[in-house]
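As a plain string of letters, each chain reads:
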Amino acid sequence: MQELGVSTNANYKITFMLDSAAMITVHTPRRGLIDVKPLGVIWGKFSEYYSKKNTIMFDDIGRNFLMNPQNGLKIRPFMKAHLNRDKDKELLKLTQYLKEIAKLDDFLDLNHKHWER
């Protein structure tokens, strides 16, 4: 996100970002100990604004939203920015999807797996 200038560009309308420092460790029977991003912290601190119905997390690592799979949307990683900056269209496609689901009061029943379609 830093490479994209998200925190310094006024054109981005990001409410907040959670990076790896906000992750917690959980134990799963299948994967053992893994780090995940706890959306419940956001819902607990800002319940008047955010809930399972209106929160979505993007990440290139699907296990990061293991605790809240319905609120996670897996995107392709942004790699080799100096070579791929002009070719990468992931955020443009994501913008279209977000504009569509923003019209909904509740997107818990959506299947984000095929969001690009």
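If you check an unreviewed UniProt entry, the protein appears there as UBCP1 phosphatase from Notiomystis cincta. UniProt annotates the protein under Subcellular location (unreviewed entry) with the comment "Nucleus".

What follows deals with the pattern of salt bridges. Overall, the coordinates contain 4 salt bridges when judged by the stated rule. For the salt bridge of Asp 59 with Lys 37, the shortest nitrogen-to-oxygen distance reads 2.9 Å. Within this pair, whereas Asp 59 is found in strand S3 (residues 57–59), its partner Lys 37 is found in the loop between strand S2 (32–36) and helix H1 (39–45), the two being separated by 22 residues in sequence. This pair shows no difference in class: Asp 59 is buried, exactly as Lys 37 is. Here Glu 100 ties to Lys 103 by a salt bridge, and the two come within 3.4 Å at their closest N and O atoms. Taking the relative accessible area as the measure of exposure, Glu 100 reaches 44% and is therefore partly exposed. Assessed through its relative accessible area of 61%, Lys 103 is described here as exposed. Salt bridges sharing common partners tie together Arg 76, Lys 93 and Glu 116.

Thresholds applied
- Residues numbered from 1 in each chain as written.
- Predicted model: local features only at pLDDT ≥ 70, side-chain atom pairs only at ≥ 80, totals over all residues.
- Heavy atoms only, no water.
- UniProt positions renumbered as here; feature names shortened; annotations may be inferred.
- Salt bridge = Lys/Arg side-chain N within 4 Å of Asp/Glu carboxyl O.
- Helix = DSSP H or I, 4+ residues; strand = E, 2+ residues; numbered from the N terminus.
- Buried < 20%, exposed > 50% of the residue type's maximum accessible area, 1.4 Å probe, protein only.

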